[in-house]
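Read off the chains here:
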Amino acid sequence: MAFIEIENVTHTYGGQAGASATLAVEGLSIKVNEGEFAAVVGPSGCGKSTLMKLATGLQFPQEGSVAVDGRKVDRPVKIAGMAFQNPVMLPWRTVLENIMLPLEIVQPHRSLLREKKAEYVEKAEQLLATVGLKGLGQKFPWQLSGGMQQRASLCRSLIHDPKLLMLDEPFGALDAFTREELWCVIRDLHALKKFTVVLVTHDLREAVFLGDRIFCMSARPGRIIAEREVTFPRPRDLEITYTPTFADVVHELRSQIKSARDPQALDPQALDPQAAGAAA
Amino acid sequence: MTKPLSQRLAPFIFTIGFFILWELGCRLFKVSNFILPAPSVIFAAMQQYAWPLTRNAGHTLWMTMAGFGISIIFGLAIGLLVGSSKLLYAGLNPLLVGFNSIPKVAVVPILVIWFGVGWLPPVLTAFVISFFPIVVNVATGLATIEPETEDVMKALGASRLDIMWKVGIPRSLPYFFGALKVAITLAYVGCVIGEQNASNLGIGNLITRASADFNVPLIFAALIVLAILGVFLVVIVDMIESRTTGWAKRSGFGG
Ligand SMILES: Nc1ncnc2c1ncn2[C@@H]1O[C@H](COP(=O)(O)OP(=O)(O)OP(=O)(O)O)[C@@H](O)[C@H]1O
Ligand SMILES: [Mg+2]
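Residues numbered from 1 in each chain as written. Chains lettered and ligands numbered in written order. Predicted model: local features only at pLDDT ≥ 70, side-chain atom pairs only at ≥ 80, totals over all residues.

**Quick notes on the overall build of chain A**
In step 1: The helix and strand tally for chain A stands at ten helices and ten strands.
In step 2: In terms of C-alpha radius of gyration, chain A reaches 20 Å, essentially the compact-globule figure of 19 Å for 280 residues.
In step 3: Within the span of chain A, comprising 280 residues, buried residues form 40% of the whole.
In step 4: Taking contacts inside chain A between residues at least 6 apart in sequence as the whole, the part at least 24 apart equals 71%. (Helix = DSSP H or I, 4+ residues; strand = E, 2+ residues; numbered from the N terminus. Rg over C-alpha atoms; globule rule 2.2 N^0.38 Å. Buried ≥ 20, exposed ≤ 12 C-beta atoms within 10 Å, placed from the backbone. Contact = placed C-beta atoms within 7 Å.)

Right under this line is the structure:
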């Protein structure tokens, strides 16, 4: 049995029917094996964040079934570390205190925290250093830039050594260099700790470089329209992103997403007043 | 955060200016001391009645703090309860609003019937008049936790109590202190109302007696003492607030 099994799931926001109801995903099925690095790509608003929430028990589907680690998900799963699309830091806590939040809640850290405080602080500071925020632990989150907050939120999702890591566009607000550095951080952590990862991203290079398996979602209501295994051997070097085979995979995915967007794709003619006038 | 000198001096200049204008107005239009005494007359009365004013002010302050203390405890407890449950919120809201709409002066006679004339009616009036804003604000602080923040906590497997303790309470602190500023003045007003009607001590009682004697300067002297004490109480709450919830004031808006 796969580690994450989402089968034929349909989820609606805002009540079952009615004017305000939004059908976010429909007939969605996904299987992710233990230790695998899965990447999810798809057009904006197609239900990727919804998929993350369904898998972690923050939302429950109207139809279909969700199981994680062999257990049906009927409440928030406790084995996951999650970095949301927004950093969502608690403004009254320093960055370090924010990062250590999971340790105050998740067992066994919760009971050990008092005793091993110094050890945990050390660990949090090391994690901060790996994402390039060395020495910023005493600042408040609102004193950091958006990208820095995102990196802090990444640390928060990792601090308690979760078995499952759920990352929702964690590198969205970063420059290309920092982003590539963090790819390598995540790659190494994954190789070291062997957790299962689900990564939502808009960056196809990111998906191909990091992922073992890539899921393409259709426009809303989202379902999986393509699944592709990426077989580049690990450990992967950043250099592979410049090889022709890598480019081919990215290209192939790109055309798949393009066709996924098609129902509501931007019509270039609609943006061109002259063409519109000529048609009229 | 250092304000320019002009801003730091402004409160004093404006206050002094206000009294000068008042004095000039009284002298210019020859207003009788019986209608509106000039500040000089009031300050003379303050000196003349220095001891009764101090003693009664001390009593009023003490009664206000007692009522305020009770209302903090009850307000927090009820606010946390109401804010953490949608059912309680829906159920208790109309009751609380209805209760709050009753003019508290109307409650004093009942307090007198229950407890007689003494220190209890002022304390209880201070309490009933001031606990509502605390309840409402604490409940609002809890009930408006962002869904994203709740998701972060839930994804970690946090219980309701965890969420309340780690997010709800810190988050409602600025609301709580905002309410305290309103509540402290209300408690003070309530206390004076209680004293006027059902006490043998306190500034409120002093005003009742002075008005029976038509001692208008003394009434005004008492009012000014009340105003000074009021400012003093708010300043204390302000100081506590800025120490505990600095994070909530990070925007420059209104700063
Ligand atoms: N809390 C909510 N209430 C109502 N509708 C929602 C809610 N969250 C999401 N939706 C709707 O569900 C659909 C899917 O949203 P979702 O956030 O999963 O998209 P996404 O794929 O993550 O998009 P993006 O790439 O832009 O982050 C959207 O149409 C959105 O309007
Ligand atoms: Mg999203």
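**Here we look at the site of ligand 1**
All names here are of chain A.
In step 1: Near ligand 1, the surroundings consist of 13 residues, among which Tyr 13, Ser 44, Lys 48, Ser 49 and Thr 50 are the closest.
In step 2: If you tally residues by element for the shell around ligand 1, the top one is helix 1 (residues 48–56), at three residues.
In step 3: By residue class, the composition of the shell around ligand 1 is three nonpolar, eight polar and two charged. (Near = placed C-beta within 6 Å. Nonpolar A, V, L, I, M, F, W, Y, C, P; charged D, E, K, R; others polar.)

**What to know about the confidence of the model for chain B**
Reading predicted coordinates in detail is not appropriate for stretches of low pLDDT.
In step 1: Here chain B shows a mean pLDDT of 87. Residues at 70 or above account for 95%.
In step 2: Overall fold confidence for the complex sits at a pTM of 0.78, while the interface term, ipTM, reaches 0.81. (pLDDT = per-residue confidence, 0-100.)

**A short note on the nonpolar core**
In step 1: Ranked by size, the top nonpolar core spans 81 residues in total, and within it Ala55(A) and Ile99(A) carry the most contacts.
In step 2: Residues within four places of Ala55(A) in sequence aside, it is in contact with Ile4(A), Ile6(A), Val66(A), Val68(A), Met166(A) and Val198(A).
In step 3: Counting residues in each nonpolar core, the second largest holds 47 residues, with Ile78(B), Phe131(B), Ala187(B) and Phe220(B) among its members. (Core = buried A, V, L, I, M, F, W, Y, C linked by C-beta atoms within 7 Å.)

**With respect to the sheet that holds strand 4 (residues 63–68) of chain A**
In any sheet, the strands associate via hydrogen bonds between backbone groups, in a parallel or an antiparallel arrangement.
Residues and elements named next belong to chain A.
In step 1: Overall, antiparallel pairing links the four strands, which are arranged 2-1-4-5 in an open sheet. Of all the strands in the sheet, the pair left with one neighbour each is strand 2 (22–32) and strand 5 (71–72).
In step 2: Relative to strand 4, strand 1 (residues 4–13) runs antiparallel, the two being bridged by five bridges. The residue of strand 4 that forms the bridge with Ile 6 is Val 66.
In step 3: Helix-sheet contacts for helix 1 involve strand 1, strand 2 and strand 4, and the interaxial angle to strand 1 is about 120 degrees. (Pairing = 2+ DSSP bridges. Axes fitted to C-alpha atoms, helices over the stretch in contact; angles between N-to-C directions.)

**Brief notes about the sheet that holds strand 7 (residues 164–168) of chain A**
All names here are of chain A.
In step 1: Taken in spatial order, the six strands make up an open sheet running 6-7-8-3-9-10, and their pairing is mixed. Of all the strands in the sheet, just strand 6 (80–83) and strand 10 (224–229) have a single pairing partner and so form its edges. When the angles between neighbouring strand axes are averaged without regard to direction, this sheet yields 15 degrees.
In step 2: Across four bridges, strand 3 (residues 37–41) lies against strand 8 (residues 196–200) in parallel orientation. For Ala 39, the partnering residue across the bridge sits in strand 8 and is Leu 199.
In step 3: Against the sheet, helix 6 (residues 146–158) makes contact with strand 6 and strand 7, and its axis sits at roughly 175 degrees relative to strand 6, the strand it touches most.

**As for the pairing of strand 10 of chain A**
Within a regular strand, side chains alternate between the sheet's two faces.
Residues and elements named next belong to chain A.
In step 1: The sheet contact formed by strand 9 (residues 213–217) and strand 10 spans five bridges and is antiparallel. Looking at the pairing, Met 217 lines up with Ile 224 of strand 10.
In step 2: Here strand 9 hands over to strand 10 after six residues, the two strands then running antiparallel side by side.

**Considerations on the interface of chain B and chain A**
In step 1: Contact residues are listed per partner, giving 15 residues for chain B and 18 residues for chain A.
In step 2: The set of elements that each furnish at least two residues to the side of chain B that touches chain A consists of helix 7 (147–155) and helix 8 (160–198) of chain B.
In step 3: The greatest single-element share of the side of chain B that touches chain A, amounting to six residues, is contributed by helix 7 of chain B.
In step 4: When its residues are assigned to classes, the side of chain B that touches chain A shows seven nonpolar, two polar and six charged.

**Structural notes on unusual backbone geometry**
In step 1: Residue Pro108(A) follows Gln107(A) across a cis peptide bond; omega there is 5 degrees.
In step 2: Mapping Pro108(A) onto the fold places it in the loop between helix 3 (101–105) and helix 4 (109–112).
In step 3: Here Arg234(A) and Pro235(A) are connected by a cis peptide whose omega angle stands at -5 degrees.
In step 4: As for its placement among the helices and strands, Pro235(A) is situated in the loop between strand 10 and helix 9 (244–261).
In step 5: Even without glycine at this site, Lys194(A) takes up a positive phi of about 60 degrees.
In step 6: A positive phi is found at Lys30(B), a non-glycine position, where the angle reads about 50 degrees.
In step 7: Relative to the elements of secondary structure, Lys30(B) occurs in the loop between helix 1 (5–28) and helix 2 (39–48).

**Re the environment of Asp203(A)**
In step 1: Structurally, the position occupied by Asp203(A) is in the loop between strand 8 and helix 8 (204–210).
In step 2: Sequence-wise, Asp203(A) and Arg187(A) are 16 residues apart; in three dimensions their C-alpha atoms are separated by 16 Å.

**So, the environment of Met63(B)**
Residues and elements named next belong to chain B.
In step 1: Tracing the backbone through its elements, the reader meets Met 63 in helix 3 (residues 50–84).
In step 2: A tally of 30 C-beta atoms within 10 Å means that Met 63 is categorised as buried.
In step 3: Put simply, Met 63 and Met 153 are 90 residues apart on the chain and 42 Å apart in space, counted from C-alpha to C-alpha.
In step 4: With sequence-adjacent residues up to four places away left out, Met 63 is seen in contact with Trp 119, Pro 122, Val 123, Ala 126, Cys 191 and Gly 202.

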